Amino acid sequence: MRTHLYQSEIITDSELTERIDNLSQVVTDSLKYNLKTSILLAACEKLLESINNNQELHFNEALEKIGHTREQAKQIIDSVCNAIQRDNILRRLYSDLGSYRPFDFDKSDYSQPIFEAWKPLGVQVHIVPGNAASVSVLSLLEGLMAGNINIVKNTSRNGQFAVLFMKRLIECDTTGILKHFIYIFELSSGETELIRKIIQLADVVCIWGGEEAVKSISQMVPSGVRIVEWGHKISFAYVTESMLDNDEVWNNIAEDICRRNQQACTSPQCVLVEASSPERLDELGIKLDNALKNVAEKFPYLEPQIQEQAEITTIKQMHRAEIAQKQGNIIESPDYRYSILIDYRSGLQPSPLFRTVWLKPIERNKIIETLRPFNIYLQTCGLAVSNLEEAYEITEMMMKAGVERITKAGEQHNAYIGEPHDGVFALQRYTKKAGIRFEDSLVQNLPNFIYLNDYQNVNYGEKYPVMTKEMRQMAKNDRAKIFLKSGGSSGATKISGYSWEDWDLQTDAMGECFYMGGVSPEDKCAILFSAGNMYGGFITTQKALERINATSITISSNIDTKTIAETILLTQTNVILGMPSFLRKLFREEYETLKKFKGFEKLFYGGELMTAEQQQWFKDEFGFKTIHSPVYASNDALINGYACRHCSNGEFHVPTKVMDMEIVKMDSDEPVDANEAGRILITKKSILDPVLRRYEIGDLGKWITEPCLCGHKTPKFKLMGRHGDLVRCGAKFINYREIYEHITKAYNYTDDIQMVISTSGTEADHIKIKLLTTAAGKEESIKESLLNLMKDLKYSVDNRHASLEIETTDISGFEIAKASGKVRPIVDLRLNNL
Amino acid sequence: MKSEELKALLPDEKNMENIWNLLQLNPYSPLEESDDLYIKALKEVMRYHRAHNPFYKDYLDYYQFDIEKINSVSDLKDVPFIHANFFKTNVISTIKPSEAALHVTSSGTTGQKSQHYLDSWTSEVIFYISDVSQAENDFVSNDKCNYLVFNFEPFTGFKTGTATTNQKMMNYAPAEHINYALRYNGHQGHDFDSFGVIDKLIEYQKEGLPVRMLGFAAFLNFAIDQLKEFGYNELPLHPDSHCLFGGGWKNHKDKELPKDIFYDKIVDFFKIPLQNIRDKYGSVEHPITYVECDQHHLHIPTYERVIVRDVKTLEPLEYGKAGFAHLISPVITSMPSHSILMGDLIILHEPKSCKCGKATPWIEIAGRAGTSKNKSCAIAASEMLKR
């Protein structure tokens, strides 16, 4: 009995007609759903896991039922598994549509209010061939990648594989959205009324098969509906004169002939050789015969069916009549498993397949005229050349003749992820490229529509544990190509590696975040982050500016402040980007020079916090109009947050384009309650890197639930200090950040604060707060106000669990982190005494 | 044509005595009775082609075949054959085009149109064989009838083998009216006239004479479907009406009905006896007609021998096995297609195994080479449309 897949339901023939009759309404309703790539990725990942755990053996059975051997069934499933791997899906999107997020409207030129995106065409009907069980699944997957609603006209010869596979994929989708995008109907080509009804729904019809299938289906497609033909193709090998006596070349060609029994469009059906005399052609036929003898056994032979065998014999018989007229020759294997048809006349000719190959002469200067009659069918040329000059010359002519693909002879079947298919990118054929433009003011500072997408906060807690710093450091990343060192303010030097793909994704997002934070293409920006030494700050900023198309003045903080100040004046930069502690030093030391320069407009900082008082100083003294920290980033996770222009100091949005964020309680991994501060966990949407999942970045935060004025739908949070800011001492948690914020606010203090904890005696901890001498004289007042403010601190001191001291000193009295030169906020001397 | 007139057309009468004598036998006389005569006749025609056709001489030389070594029917398996498709792509006449009595174009089952030049002997003898075979199958009548020809309407200069055959077929019973389903459209082409066909069928029914429907089966099938759409559940014709098809379903292969279902459909609709519906088998390249007997079996005429060959090794197969049809007949002199390998796959059934009583073996069509739907993405030779 025939079965069909209708969304997640398996239905039988009794319901088929009615369901198809109602499909128009159903798919119209379904168009409101968005099949985000993330939904597909998650479902595929889950299914893949299940397949790898041998829990989907009914897929194998379904394939074996339609005549595949156990080995063949496994191969088909392997090929499908390869296609649904996360990185392969993402790379497909990137190669075909130029972006990992091709469906979000993107502003490619930040100086213009123009956005472009690829969008699904809507409903995609797939007409798949019989006896190619994987094509129905793979074609449908492409349709899903394109975001279309997919209706597959399957045939009985493909069995149940596609239905079972897609049903399981739907079951692996936790959002419940995927099912609205999948229908598979098993219809014979005679059921033209039902096929016609399905095609009436289509915005695009892709047809796999020969010219007859394409012709008969095309007639049913309403005009204007896009038809994508994946017709049959012919491929061939070409051997230049200089390579004719190279045995390896013949072995390679023989392998290409045998490997897939010429059932693939990439298989050579003809070997064109730069030779002309009948004697030489016969000689080359013997070379190919020897090679075929060598390799034939290496690959499983596919037995032709009677009609296919009859076709082979017919062609050979026809050729014998030509041979009688001295027009060629024939070499057959004694077991009839391969044949070489030598033809002394040039031209290309399709073979009856199953290891039947033509050997024909060709003149290099006649490549175009010889191949041109077949141009719409030409696909791959397996080329054997001896030097680059030949390779270039022949390649250019092959392209003019209509060839789509050239490989080394012997590698005609090898493909790479993201390779164009029959000369085009399939996903572009299944989508439309949309361009939109709005009033400039409406979309100012908006780089991409993704920030407007509805977003649900995630909770990975049910499935994955929290990843600690130690686990992060241990995790191996084989694909890492760029390594960064974290500053080391929080201890020993650490190194994090990223693949270029993930690096690009993250820094691209960083560029968008800088743009949203106020950097514009007109800006002239001095980058004053520390450069080299494996730091990320300088190079990520450089990449971000490139993305924005802003002017980049690559100064860095590595040189003396005098030179920096002079360079700023020389280049007339209006924007400064750097780390607060360094910027304060620079502007203090070069006060006179920089004060004179009246061109400052914007200051963007990162790496540390900057108090309101500090910001005011820069504004008052140097004329900055905007001071902003546009991104929250770290070397061990790259971008973690972005601040729109409506974010207050310390507030950020989650860049959901590249990550998800969770905030969990201090003492458990449960999500925080409303208005509760907790530990921030980062989950990155990686391309090639191992997914950084629930990584505890070490910062504390809380959600801000009020909608932001910027209109972005991305979640917003406020940083509440380092997790390490919370120090257990005096039997209580003491928050450094709370102390810091109080002193800077209440005492108008703008410099460094260091908290040193030691054991002063046998039981009590000693807390010493070090301040610069600018706070001299206020020690007692500060101590008192801190005890009044912080109940836990007061409790500890009152109960003599801890003692509190405020000390003012010059900078030499502070402990400085060697790696970064930053003042270490917390120095816990108790650790040294353990 | 009178017997002596036909004999005079033999291209080399004095060296073709056995060919003539063979043709004097009943078309379905047991093969073993004519084996010796047949072998002598075959050698005559092969000598003729060898002497007059340089291609054929090369071909025999390529196979190093000596005609004189054929001694009995057991040697037939060694007789070289040429594939039918070769005649579609090459003109290899034994006669000069200027000597042709008839120039026909194959109607092109597989898309090709090919040229054939027939000498006067061949063009007449094939009708002679057709006539004697039809007579043996009770197709000849003196009663007037109306013809509906599902084939190309002739026009001046029109040369298609099957169309010519249909002209001759109308000699088997005197015609009251003749109408064509594929009407000449004035610019070297033909269109199926579905309304005309329906009108004529209704007219013929009212007129009440026996009706004879000839030609491509597909178009009769279309006509029945069309009549049904117009509300006719049946259209009973005179019980002595006949259908005699030829030429297959052509480029309507996808709509082809299994033979028994199609015949039942005709019986139900026109109310004519099942045994009055007959197909025949033959080709322009090897124009010996096989007519279906009342059991709907295609019997080999005595002027022909058939070897079924393995599709891979080309070795002869026994009765009941499917393979290529290798047809051998001594009567064809215009081109060396007297020994030909057809694209059709057939099964040969033993002599005297048919209830109709005819003694010769009969063939069953089991498919065509290269017509299976290609399952891969590689284009196969059989499916590339001509550009």
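This text follows the structure it describes.
Just so it is clear, the structure is predicted and the values come from calculations on it, not from any experiment. (Residues numbered from 1 in each chain as written. Chains lettered and ligands numbered in written order. Predicted model: local features only at pLDDT ≥ 70, side-chain atom pairs only at ≥ 80, totals over all residues. Heavy atoms only, no water.)

1. Some details on the overall build of chain B
Logical step 1: Scanning chain B for helices and strands turns up 10 helices and 16 strands.
Logical step 2: Buried positions account for 56% of the 387 residues belonging to chain B.
Logical step 3: By sequence separation, contacts in chain B at least 24 residues apart represent 67% of the contacts at least 6 residues apart.
Logical step 4: When the accessible surface of chain B is split by element, carbon and sulfur atoms take 48% of a total near 16,400 Å². (Helix = DSSP H or I, 4+ residues; strand = E, 2+ residues; numbered from the N terminus. Buried < 20%, exposed > 50% of the residue type's maximum accessible area, 1.4 Å probe, protein only. Contact = heavy atoms within 4.5 Å. Areas by Shrake-Rupley, 256 points an atom, 1.4 Å probe, with all protein chains shown as cover.)

2. Considering the pattern of salt bridges
Logical step 1: This structure, assessed with the given rule, holds 77 salt bridges over all chains.
Logical step 2: Among the salt bridges present, the one from D78 of chain B reaches K77 of chain B, with a minimum N-O distance of 3.8 Å.
Logical step 3: Classification of D78 of chain B as partly exposed rests on a relative accessible area of 43%.
Logical step 4: Within the structure, one salt-bridge network assembled from shared partners comprises E56, K167, R168 and E171 of chain A. (Salt bridge = Lys/Arg side-chain N within 4 Å of Asp/Glu carboxyl O.)

3. Let's talk about helix 18 (residues 537-548) of chain A
Residues and elements named next belong to chain A.
Logical step 1: Helix length check: helix 18, at 12 residues, gives a terminal C-alpha distance of 17 Å against a target of 16 Å (1.5 Å per residue), a fit within 8%.
Logical step 2: Residues of helix 18 that are buried sit in contact with helix 17 (500-517), strand 19 (524-528), strand 20 (551-554) and strand 21 (575-578).
Logical step 3: N549 sits one or two residues past helix 18 and shows a positive phi near 70°. (Expected span 1.5 Å × (residues − 1).)

4. Here we look at the packing of helix 3 (residues 31-52) of chain B against helix 4 (residues 54-62) of chain B
Residue and element names in this part refer to chain B.
Logical step 1: Look at helix 3 against helix 4: their axes get within 5 Å of each other, and the N-to-C directions meet at 110°. Between helix 3 and helix 4, the angle falls in the class roughly perpendicular. Where helix 3 abuts helix 4, its residues M46, H49, R50 and H52 lie against P54, Y56, K57, L60 and D61.
Logical step 2: Of the residues that constitute the contact of helix 3 with helix 4, the class distribution is four nonpolar, two polar and three charged. (Axes fitted to C-alpha atoms, helices over the stretch in contact; angles between N-to-C directions. Parallel < 35°, antiparallel > 145°, perpendicular 65-115°, else oblique. Nonpolar A, V, L, I, M, F, W, Y, C, P; charged D, E, K, R; others polar.)

5. So, the sheet that holds strand 21 of chain A
Residue and element names in this part refer to chain A.
Logical step 1: The parallel open sheet is built from five strands, whose spatial order is 20-19-21-22-23. Where the open sheet ends on each side, the last strands, each with one partner, are strand 20 and strand 23 (626-628). Strand-to-strand twist across the sheet, computed as the mean angle between neighbouring axes with direction ignored, equals 20°.
Logical step 2: Summarising the sheet, strand 19 and strand 21 pair through four bridges and their orientation is parallel. By the bridge assignment for strand 21, C525 is matched with V575. (Pairing = 2+ DSSP bridges.)

6. Thoughts on the sheet that holds strand 10 (residues 268-273) of chain A
Residues and elements named next belong to chain A.
Logical step 1: Sheet architecture is open: seven strands sit in the order 11-12-13-10-9-14-15, paired in mixed fashion. Every interior strand has two partners, whereas the edge strands, strand 11 (328-332) and strand 15 (405-408), have only one. The sheet shows a mean angle of 20° between the axes of neighbouring strands, taken without regard to direction.
Logical step 2: In terms of strand pairing, strand 12 (residues 339-343) meets strand 13 (residues 356-361) through four bridges, oriented parallel. Note that in strand 13 the partner of L341 across the bridge is W358.
Logical step 3: Along the sheet, helix 10 (residues 247-259) contacts strand 9 (234-239), strand 10, strand 13, strand 14 (378-384) and strand 15; its crossing angle with strand 10, the most-contacted strand, is approximately 160°.

7. Here we look at the nonpolar core
Most often, soluble globular proteins keep nonpolar side chains buried together rather than apart.
Logical step 1: By size, the foremost hydrophobic cluster in this structure holds 144 residues, and its most contacted members are L144, F161 and M166 of chain A.
Logical step 2: Beyond its immediate sequence surroundings of up to four residues, F161 of chain A is in contact with F59, A62, L63, I76, I77, V80, A133 and V137 of chain A.
Logical step 3: One finds L10, Y38, I70 and L76 of chain B within the second-largest nonpolar core, a separate group that totals 61 residues. (Core = buried A, V, L, I, M, F, W, Y, C linked by side-chain atoms within 4.5 Å.)

8. Comments concerning the side chain of H180 of chain A
Residues and elements named next belong to chain A.
Logical step 1: You can see H180 is positioned in the loop between helix 7 (161-171) and strand 6 (182-186).
Logical step 2: In this structure H180 comes out as buried when scored by relative accessible area, which is 11%.
Logical step 3: Setting aside residues no more than four positions away along its own chain, H180 makes contact with Q7, S30, Y33 and I149.

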